[in-house]
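Given next are the chains, with one letter for each unit.
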Amino acid sequence: MAKMRPELKEDLLRSLESQAEAKVYRALRDKLPDDVLVIHSLTWTYKTRQGELSEGEADFTLFTKHAGFLTIEVKGGGVNYDATTGNWSSIDRHGTSHPIKDPFRQARKERFAVLDQIK
């Protein structure tokens, strides 16, 4: 069982705005080995190398002793990508489409932000 930060009890997981994140939280907690540290909703503010103030949030950041770290961006509902326009969207439980940010670009941005702070 992975080390989770913060440690959320089931009542808090049920009250999260994103139930997709709650599902991923449970899966990471229950399926990963003990030597993995998982930080849920890691928020950060820092100055970039260019001196600009930057802030952001990674849904999940996983740290391991031997493999480094990984950031995960969670999207709920059905996720679609339109290769013609390059647009991403999410379909909610009512079948309504909502534009979303590119999840891969988001995770990559957060990964580099965390790495900059570690350095």
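Residues numbered from 1 in each chain as written. Predicted model: local features only at pLDDT ≥ 70, side-chain atom pairs only at ≥ 80, totals over all residues. Heavy atoms only, no water.

Draft legend 1. Up close: the sheet that holds strand S7 (residues 97-100). The three strands are arranged S5-S6-S7 in an open sheet whose pairing can be described as antiparallel. Here the strands that pair on one side only, and so sit at the sheet edges, are strand S5 (78-82) and S7. Sheet twist, expressed as the mean angle between neighbouring strand axes with direction ignored, is 35°. Relative to strand S6 (residues 87-91), S5 is paired through five bridges, and the arrangement is antiparallel. Bridge pairing in S6 links Asn 80 to Ser 89. (Pairing = 2+ DSSP bridges. Helix = DSSP H or I, 4+ residues; strand = E, 2+ residues; numbered from the N terminus. Axes fitted to C-alpha atoms, helices over the stretch in contact; angles between N-to-C directions.)

Draft legend 2. Region of the structure containing the sheet that holds strand S1 (residues 3-5). Ordered in space as S1-S2-S3-S4, the four strands form an open sheet in which the pairing is mixed. Looking along the sheet, the strands with just one partner apiece sit at the ends: S1 and strand S4 (68-72). Sheet twist, expressed as the mean angle between neighbouring strand axes with direction ignored, is 40°. As defined by bridge partners, strand S2 (residues 36-47) adjoins strand S3 (residues 53-64) across eleven bridges and the pair is classed as antiparallel. The partner of Val 38 across the bridge, within S3, is Leu 62. Helix H2 (residues 19-31) rests against S1, S2 and S3 of the sheet, and its axis sits at about 40° to S3. (Contact = heavy atoms within 4.5 Å.)

Draft legend 3. Looking closely at unusual backbone geometry. With omega at -10°, the peptide bond leading from Arg 5 into Pro 6 counts as cis. With respect to the secondary-structure elements, Pro 6 resides in the loop between S1 and helix H1 (10-15).

Draft legend 4. Geometry of the pairing of S6. Between S5 and S6, which pair antiparallel in sequence order, lie four residues; one of them, Gly 86, sits at a positive phi of approximately 80°. As paired strands, S6 and S7 are joined by four bridges and run antiparallel to one another. When the sheet's bridge partners are listed, Ser 90 is paired in S7 with His 98. What sits between S6 and S7 in their antiparallel hairpin is a turn of five residues, with Gly 95 showing a positive phi close to 85°.

Draft legend 5. The arrangement of the confidence of the model for the chain in detail. For the chain, per-residue confidence averages 91 on the pLDDT scale, and 100% of positions sit at 70 or higher. Averaged over each element, pLDDT in the chain is lowest for helix H3 (residues 103-118) (84) and highest for S1 (97). (pLDDT = per-residue confidence, 0-100.)

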